Amino acid sequence: MAAQIIDGKAIAAKARKALLPRVEALKAKGIAPNLTVILVGDDPASAVYVRNKERAAKELGFLGGVLRLPAETGQEELLTLIKHLNDDEQVHGILVQLPLPGHILESAVLAAISPQKDVDGFHAVNAGRLMAGRPLFAPCTPKGVMRLLAESGIETRGKNAVVVGRSNIVGKPMAMLLLQADCTVTIAHSKTQNLAALCAGADLLVAAIGRPKFITTEMVKEGAVVIDVGINRVGEKKLVGDVDFDGASKKASFITPVPGGVGAMTIAMLMENTVEAAERALAPC
Ligand code: GUN
């Protein structure tokens, strides 16, 4: 079977466009969504991601912007800045780009962001709410995957889903959202035994490992839905996913490409979470 390729770029564009009337409605009430992004240091990949977030926010007419801080910024200085943004009523969403330089404790920084402004959904309160089935902000990448499935008309109920990767950013919240969508979910990782056989039994396979072409053709069941979260740089310019696309796309029913699949959704969902934060600030729930 030749897989249907899920056009993440088009679905992301649709999701961003759907935000425009919501932004206009907020502006009519005197509120412009404000997303403030903090970038510490000069990690080149982070610089690209942050620029893309900045551009998407500008296109939607958000206020805020990027605070670019030197790599030597101290943890206390960063925590003080976050407190200031927490207290600023004009700011609806705060995002600290990860990874942070080694001398800054990531958990302390994420814990400092007000859960009401945590548009990444990384605060422990938001992770807990997601697990309890009452998410305030679902993390953007897994939320984007769920939107791709919904927009592609893919039924999740009762499906065997295997998520390969157990990060707090993707793997764990992805599993929670799929469980909420009535999948039977397995989280696999680098220590999982018989990984290939486990993946080959999946109706829905989500690859979030961060290793190029880790998921081979043999690991894909005939007719499976394959979602590739990986963005791996090989050589100077080329990006490849965690899935061997050429082989997997001959067996899957649906597959996401890299680039042009999940990546664009992450930013669209960040914009959506920011609009939600601004709407809640207007009418607290
Ligand atoms: N680094 C890689 N992905 C992300 C993300 O979704 N949010 C933040 N804050 N940092 C990241």
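Scroll up a little and you will see the structure.
What counts as what
- Residues numbered from 1 in each chain as written.
- Predicted model: local features only at pLDDT ≥ 70, side-chain atom pairs only at ≥ 80, totals over all residues.
- Heavy atoms only, no water.
- Helix = DSSP H or I, 4+ residues; strand = E, 2+ residues; numbered from the N terminus.
- Rg over C-alpha atoms; globule rule 2.2 N^0.38 Å.
- Contact = heavy atoms within 4.5 Å.
- Areas by Shrake-Rupley, 256 points an atom, 1.4 Å probe, with all protein chains shown as cover.
- Lys, Arg positive; Asp, Glu negative; His and termini not counted.
- Charge placed at Lys NZ, Arg CZ, Asp CG, Glu CD.
- Near = heavy atom within 4 Å.
- Polar contact = N/O pair within 3.5 Å; in protein donor to acceptor, adjacent residues only side chain to side chain.
- Nonpolar A, V, L, I, M, F, W, Y, C, P; charged D, E, K, R; others polar.
- Pairing = 2+ DSSP bridges.
- Axes fitted to C-alpha atoms, helices over the stretch in contact; angles between N-to-C directions.
- Parallel < 35°, antiparallel > 145°, perpendicular 65-115°, else oblique.
- Left-handed = near helix turned anticlockwise from the far one by under 90°.
- Phe/Tyr/Trp six-rings, centres within 6.5 Å; stacked < 30°, edge-to-face > 60°.
- Lys NZ or Arg CZ within 6 Å of the ring centre and 35° of its normal.
- Buried < 20%, exposed > 50% of the residue type's maximum accessible area, 1.4 Å probe, protein only.

Helix and strand counts for the chain come out as 11 helices and 11 strands. For 285 residues, the compact-globule estimate of 2.2 N^0.38 gives 19 Å, and the chain sits close to it at 19 Å. Taken along its principal axes, the extent of the C-alpha atoms in the chain is 50 × 40 × 35 Å. Within the chain, contacts between residues at least 6 apart in sequence are counted, and of these 71% link residues at least 24 apart. Here the chain displays about 13,400 Å² of accessible surface, and carbon together with sulfur accounts for 55% of that area. Counting 32 positive and 29 negative side-chain charges, the chain places the averaged centre of each group 3 Å from the other.

Residue position: Glu 54 is located in helix α3 (residues 44–59). Sequence spacing of Glu 54 and Thr 36 is 18 residues, and the spatial spacing of their C-alpha atoms is 9.1 Å. Leaving out residues up to four positions away in the same chain, Glu 54 has contacts with Val 66 and Arg 68.

A separate point is the site of the ligand. Near the ligand, the surroundings consist of Lys 53, Leu 95, Val 96, Gln 97, Leu 98, Asp 120 and Phe 122. Separating a nitrogen atom of the ligand from a side-chain N or O atom of Gln 97 is a distance of 3.3 Å. At 2.9 Å from a nitrogen atom of the ligand is found a main-chain nitrogen or oxygen belonging to Leu 98. Residues belonging to the shell around the ligand are distributed by class as follows: four nonpolar, one polar and two charged.

The sheet built from six strands is open, its strands ordered β1-β11-β8-β7-β5-β6 with parallel pairing. The open sheet has two edge strands with one neighbour each: β1 (4–5) and β6 (184–188). The pairing of strand β5 (residues 160–164) with β6 spans five bridges and is classified as parallel. Each bridged residue has a counterpart across the sheet, and for Val 162 the counterpart in β6 is Thr 186.

This next bit is on the packing of α3 against helix α11 (residues 262–282). Close contact between α3 and α11 brings their axes to 10 Å; oriented N to C, the two are set at 50°. It follows from the interaxial angle that α3 and α11 lie oblique. When the axes of α3 and α11 are compared, the crossing they make is right-handed. Seen from α3, the contacting residues are Tyr 49, Asn 52, Lys 53, Ala 56 and Ala 57; seen from α11, they are Ile 267, Leu 270 and Met 271. A class-by-class count of the residues in the contact of α3 with α11 yields six nonpolar, one polar and one charged.

Before going further, it helps to spend a moment on the packing of helix α1 (residues 8–17) against α11. How two helices sit against one another is set out by the angle between their axes and by the gap between those axes. Two elements in contact, α1 and α11, have axes whose closest approach is 8 Å; the angle formed by their N-to-C orientations is 10°. By the angle between their directions, the pair α1 and α11 is classed as roughly parallel. Contacts from Gly 8, Lys 9, Ile 11, Ala 12, Ala 15 and Arg 16 in α1 reach Ala 264, Met 265, Ala 268 and Met 269 in α11. Taken together, the residues that form the contact of α1 with α11 break down as seven nonpolar, one polar and two charged.

With that settled, consider the packing of aromatic side chains. Applying the stated criterion across every chain, the model contains zero aromatic pairs. A cation over a ring is seen here: Arg 280 above Phe 137, with NZ or CZ 4.7 Å from the ring centre.

Here the bond from Leu 98 into Pro 99 is cis, since omega is 0°, no more than 30 degrees from zero. In this model, Val 258 is joined to Pro 259 through a cis peptide bond whose omega is -5°. Mapped onto the secondary structure, Pro 259 falls in the loop between β11 (254–255) and α11. Of note, Asp 182 is a non-glycine position whose phi angle comes to about 70°, a positive value. The topology assignment puts Asp 182 in the loop between α8 (171–180) and β6. Accessibility expressed as a relative area gives 45% for Asp 182, which makes it partly exposed.

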